[in-house]
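Remarks on the overall topology
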Amino acid sequence: MTIASRRDFLKAAGAATVIAGAGNAEARTLKVPVGLELYSVRDFMAKDLQGSLNDVRSEGYTVVEAAGFYGRSAADFRKANNQAGLRCVSAHYSLAILHQQLESVIGYAKELGLEYIICSSSDGMHRDPDAKGDPTLDDWHWRIDQFNSIGATVKSAGMTFGLHNHTPEFATIDGVLVYGEIMKLTDPKLVTLQMDCGWVYNSGHSPAEFIARDPSRFQLLHIKDMILVPGATEPKLTVMGKGSIDYKPILRAATHLKYYFIEQEHFDGDPKTELHEDADYIKRLNY
């Protein structure tokens, strides 16, 4: 089966599983705040932090997730968000930073007022620090141990630790799907899963199917839209609603959703216009 046909099959099968018996359910819209992953506006924030945050609020967003602080103290970054009318509730850090600087990360996060500390990527981390290349299944088991340990420390500080995915988490190693191991071996009391629905879809899997396995694991989502280009190594990222991802079954499955963050990593036109279109689309989406 080709990747494309497998993706179509999984998309249909996952959607059917999630919405089975719900065909007559009343359509609903999201009741959680409209959120933006600030990586979307990284280039603008580097030049004008306050102006960029003001623009984010004016385009319809009320909560944000940070992906860098541009040399600001926690107090200054929090003040800039407050002045814009935004709440920064979550932030991304690599596993390497969390592994080496967890105490300072927690201190900064508490002062900023975060609810979530998220591991954005574990790329390059091996059980053997001298190892190179792609991670083995043993490396992933070591990483999972780190996630549980970090989660316990973050929980003791009054926040929740989460794990973000890209496509490597959907690799199959020695016949084992990595994301299945993550779901099975991370402690639900210590680690929430922040699914990036776009990269799950790009990997050939159904986001809705994974969420439906245990909706309580998924308090957070990253949502983006994309067009899969035949023969290309990367998808074309686009405005919400103009790509190929059907978010209706995903949102039906995400019954424990607390926050979602739109992430548009590249823009084709005016960024402010496209961010407004993203927010407007998700606010109007009936699922």
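Everything numeric here is computed off the predicted structure, so don't read it as measured data.

1. Things to note about the side chain of Thr 192
With respect to the secondary-structure elements, Thr 192 resides in strand β8 (residues 191–196). In contact with Thr 192, other than residues within four places in its own chain, are Tyr 116, Thr 160, Phe 161, Gly 162, Leu 163, Arg 217 and Gln 219.

2. Some words on the side chain of Thr 238
Among the structural elements, Thr 238 can be located in strand β11 (residues 236–238). When near neighbours in sequence (up to four residues on either side) are disregarded, Thr 238 contacts Asp 225, Met 226, Ile 227, Gly 243 and Gln 264.

3. Looking at the packing of helix α6 (residues 137–156) against helix α7 (residues 178–185)
Two numbers describe how α6 lies on α7: the axes approach to 10 Å, and their chain directions differ by 35 degrees. Crossing angle aside, the handedness with which α6 passes α7 is right-handed. Judged by residue contacts, Leu 137, Trp 140, His 141, Ile 144 and Asn 148 of α6 engage Val 178, Glu 181, Ile 182 and Leu 185 from α7. Of the residues belonging to the contact of α6 with α7, the class tally is six nonpolar, two polar and one charged.

4. Some remarks on helix α4 (residues 74–84)
Since the α-helix turns once every 3.6 residues, residues separated by three or four places project in the same direction. Taken as a whole, α4 has its buried residues at Ala 74, Phe 77, Ala 80, Asn 81 and Ala 84. Projected down its long axis, α4 shows its buried positions confined to an angular sector of 130 degrees, all on one face. Residues of α4 that are exposed and point over 90 degrees away from its buried face: Lys 79, Asn 82 and Gln 83. Its buried side turned inward, α4 meets α2 (42–47), α3 (49–58), β2 (63–66), β3 (87–94) and α5 (95–112). Note on α4: the residue one or two positions beyond its end, Gly 85, has a positive phi of about 80 degrees.

5. Examining the packing of aromatic side chains
In this structure the tally under the stated criterion is nine aromatic pairs. Seen in terms of ring centroids, Phe 69 and Phe 77 are 5.0 Å apart; in terms of plane orientation they differ by 90 degrees. Their pairing is edge-to-face. The same class applies to Phe 69 and to Phe 77, which are both buried. Geometrically, the ring pair formed by Phe 69 and Tyr 93 is tilted, given 6.2 Å between the ring centres and 40 degrees between the ring planes. Here Tyr 93 lies in strand β3 and Phe 69 lies in the loop between β2 and α4, a separation of 24 residues in the sequence. Here the aromatic cluster, defined as three or more aromatic residues joined through ring pairs, consists of Phe 69, Phe 77, Tyr 93 and Tyr 108.

6. Here's the deal with the nonpolar core
By size, the foremost hydrophobic cluster in this structure holds 82 residues, and its most contacted members are Phe 77, Ile 117, Leu 221, Tyr 260 and Ile 282. A per-element tally of this core places α5 first, with eight residues. The contacts of Leu 221, once residues within four sequence positions are left out, are Gln 194, Met 195, Cys 197, Ile 211, Ile 250, Leu 251, Ala 254, Leu 257, Tyr 259, Tyr 260 and Phe 261. Ranked by size, the runner-up nonpolar core spans seven residues in total, among them Val 89, Tyr 116, Tyr 259 and Phe 261.

7. A few points about α6
Under the 1.5 Å per step criterion, the end-to-end length of α6 is 29 Å for 20 residues, consistent within 8% with the ideal 28 Å. Taken together, the buried positions of α6 are Leu 137, Asp 139, Trp 140, Trp 142, Arg 143, Ile 144, Gln 146, Phe 147, Asn 148, Ile 150, Gly 151 and Val 154. Just past α6, the residue Gly 158 takes up positive phi, approximately 90 degrees.

Criteria and thresholds
Residues numbered from 1 in each chain as written. Predicted model: local features only at pLDDT ≥ 70, side-chain atom pairs only at ≥ 80, totals over all residues. Heavy atoms only, no water. Helix = DSSP H or I, 4+ residues; strand = E, 2+ residues; numbered from the N terminus. Contact = heavy atoms within 4.5 Å. Axes fitted to C-alpha atoms, helices over the stretch in contact; angles between N-to-C directions. Left-handed = near helix turned anticlockwise from the far one by under 90°. Nonpolar A, V, L, I, M, F, W, Y, C, P; charged D, E, K, R; others polar. Buried < 20%, exposed > 50% of the residue type's maximum accessible area, 1.4 Å probe, protein only. Arc of directions from axis to C-beta. Phe/Tyr/Trp six-rings, centres within 6.5 Å; stacked < 30°, edge-to-face > 60°. Core = buried A, V, L, I, M, F, W, Y, C linked by side-chain atoms within 4.5 Å. Expected span 1.5 Å × (residues − 1).

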